[in-house]
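Each chain, letter by letter, is given below.
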Amino acid sequence: MKVSKRDILLLVGFIGILFFGVTLYWVFLPAQEKVEEMKAENLQLRQQITDLTIKTNNKETYLTEMEKMVKEIEDIYRVFPVNVKAEDVILMAINQELVSPMVVENVNIEQLVPVRFEEFVAPGEEHDYTYDLGENDVLGVGDEPLDGDDAVTAAEDSAEEEIDWLYNRQATFNYGVSYEGLKRSIRHIVDQPNRMAIETLTVTFDDSTGQLVGSTTLNMYLAPYQTGKEYVQPDFSSVLLGTDNIFGTIQIHGEAGLPEVEAMAPEDGVGNEEDGAGNAEE
């Protein structure tokens, strides 16, 4: 079989075209994609280098601003007490009675609960710190009240999981007061140096007394993890304790005008005569 020169040239051309196509598909195109990827990566690296260069040149400015922000954060935290105990709430009720004035019938003191800031914290952020607030009545959000060892264990477990930088103790005061006294009580709450907020305030008019009867619920906040700041025990030295009349001031009808008990005691002579009469009858 004879193959012409023309056929040979066509065959060689076809093989060349096939080789070029295979080379283009298996070698050139992947290499071109790799080059594009390297160009994109190189551009990203150049942007990072530019950003790092700018940050390096402004290092001192950043450090100064960071120190300023840390100082501002510390100043904000220092307006919060490191703890709010039941005695602080009781002293607050006593001062409310004196300043307003008002008659506080009872005070309901809730357990400590952490204030959550999920909307301000990046998701998945973790803390390696552990703290102990030093109170057995710490509640987590949605938890039921615990007592004794269960409360201690719950507080420790909560502390190991994450830091609760801000806590709240809620207290409700039930009282009777005049309208002027109510305004004075609100002003007294606003003027407190420790951070607290009125959660609810409800009052109704009492027809029988002409006064207001109501309740105020306070959120009393505390930030326990402050370096160099300690809890200060409330001072009750100015509070009057005890009473001369443990039965109150209720006066029974017809009690007024009665002689004193000492005046009713029998004289010695009368008593002896009666004793003698009694002996004589015997």
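Note that the coordinates shown come from a computational prediction; the quantities given were computed from them, not determined experimentally. (Residues numbered from 1 in each chain as written. Predicted model: local features only at pLDDT ≥ 70, side-chain atom pairs only at ≥ 80, totals over all residues. Heavy atoms only, no water.)

Can you tell me about the overall build of the chain, naming the residues and giving the values?
When its secondary structure is counted, the chain shows 6 helices and 5 strands. In the chain, the order of α-helices and β-strands from amino to carboxyl end is α-α-α-β-β-α-β-α-β-β-α. Looking at the 282 residues of the chain, the share that counts as buried comes to 21%. Long-range contacts, defined as pairs at least 24 residues apart, comprise 79% of the intrachain contacts of the chain with a sequence gap of at least 6. For the chain, the computed accessible surface area is about 21900 Å², with 57% contributed by carbon and sulfur atoms. (Helix = DSSP H or I, 4+ residues; strand = E, 2+ residues; numbered from the N terminus. Buried < 20%, exposed > 50% of the residue type's maximum accessible area, 1.4 Å probe, protein only. Contact = heavy atoms within 4.5 Å. Areas by Shrake-Rupley, 256 points an atom, 1.4 Å probe, with all protein chains shown as cover.)

For the nonpolar core, give the residues involved together with the corresponding values.
Considering soluble globular proteins, one finds that nonpolar side chains tend to be buried as a cluster. In terms of nonpolar packing, the biggest core is built from 20 residues, with Phe173, Tyr175, Leu218 and Met220 touching the most fellow members. Secondary-structure elements contributing two or more residues to this core are helix H3 (86-99), strand E1 (102-109), strand E3 (167-177), helix H5 (179-190) and strand E5 (211-222). The biggest single contributor to this core is E3, with 5 residues. Excluding residues within four positions of it along the chain, leucine 218 makes contact with Met92, Arg169, Gln170, Ala171, Phe173, Ile189, Met196, Ala197, Ile198 and Glu199. (Core = buried A, V, L, I, M, F, W, Y, C linked by side-chain atoms within 4.5 Å.)

Please give an account of the confidence of the model for the chain that cites residues and values.
Mean pLDDT for the chain: 75, with 66% of residues reaching 70 or above. Residue range residues 139-156 is modelled with pLDDT below 50. Its contacts to residues more than four positions away, or to other chains, number 18 contacts. (pLDDT = per-residue confidence, 0-100.)

Give a detailed account of the packing of aromatic side chains, specifying residues and quantitative values.
One pass over the structure, following the stated rule, counts 2 aromatic pairs. When the ring of tryptophan 165 is compared with that of tyrosine 225, the centres are 5.9 Å apart and the planes differ by 85°; the resulting orientation is edge-to-face. You can see tryptophan 165 sitting in the loop between helix H4 (148-161) and E3 and its partner tyrosine 225 sitting in the loop between E5 and helix H6 (268-281), a full 60 residues away along the chain. Through a chain of ring-to-ring contacts, the aromatic side chains of Tyr77, Trp165 and Tyr225 assemble into a single cluster. (Phe/Tyr/Trp six-rings, centres within 6.5 Å; stacked < 30°, edge-to-face > 60°.)

Give a description of unusual backbone geometry that names residues and reports values.
With omega at -15°, the peptide bond leading from serine 100 into proline 101 counts as cis. Inspection of the secondary structure puts proline 101 in the loop between H3 and E1.

Please set out a nonpolar patch on the surface residue by residue, giving values where relevant.
On the surface, a cluster of nonpolar side chains totalling about 1100 Å² of accessible area is made up of Leu11, Phe14, Ile15, Leu18, Val22, Tyr25, Trp26, Val27, Phe28 and Leu29. Assignment of secondary structure puts tyrosine 25 in helix H1 (residues 5-57). A relative accessible area of 52% places tyrosine 25 in the exposed class. (Patch = residues over 30% accessible without salt bridge, like charges linked within 9 Å, V, L, I, M, F, W, Y side chains within 5 Å. Salt bridge = Lys/Arg side-chain N within 4 Å of Asp/Glu carboxyl O.)

Give me the lowdown on the packing of H3 against H5, citing residues and values where you can.
Where H3 contacts H5, the axes come no closer than 9 Å and their chain directions differ by 135°. When the axes of H3 and H5 are compared, the pair comes out oblique. Seen along the crossing, H3 lies across H5 with a hand that is right-handed. The residues of H5 that touch H3, namely those facing Met92, Asn95, Gln96 and Val99, are Arg184, Ser185, His188 and Ile189. (Axes fitted to C-alpha atoms, helices over the stretch in contact; angles between N-to-C directions. Parallel < 35°, antiparallel > 145°, perpendicular 65-115°, else oblique. Left-handed = near helix turned anticlockwise from the far one by under 90°.)

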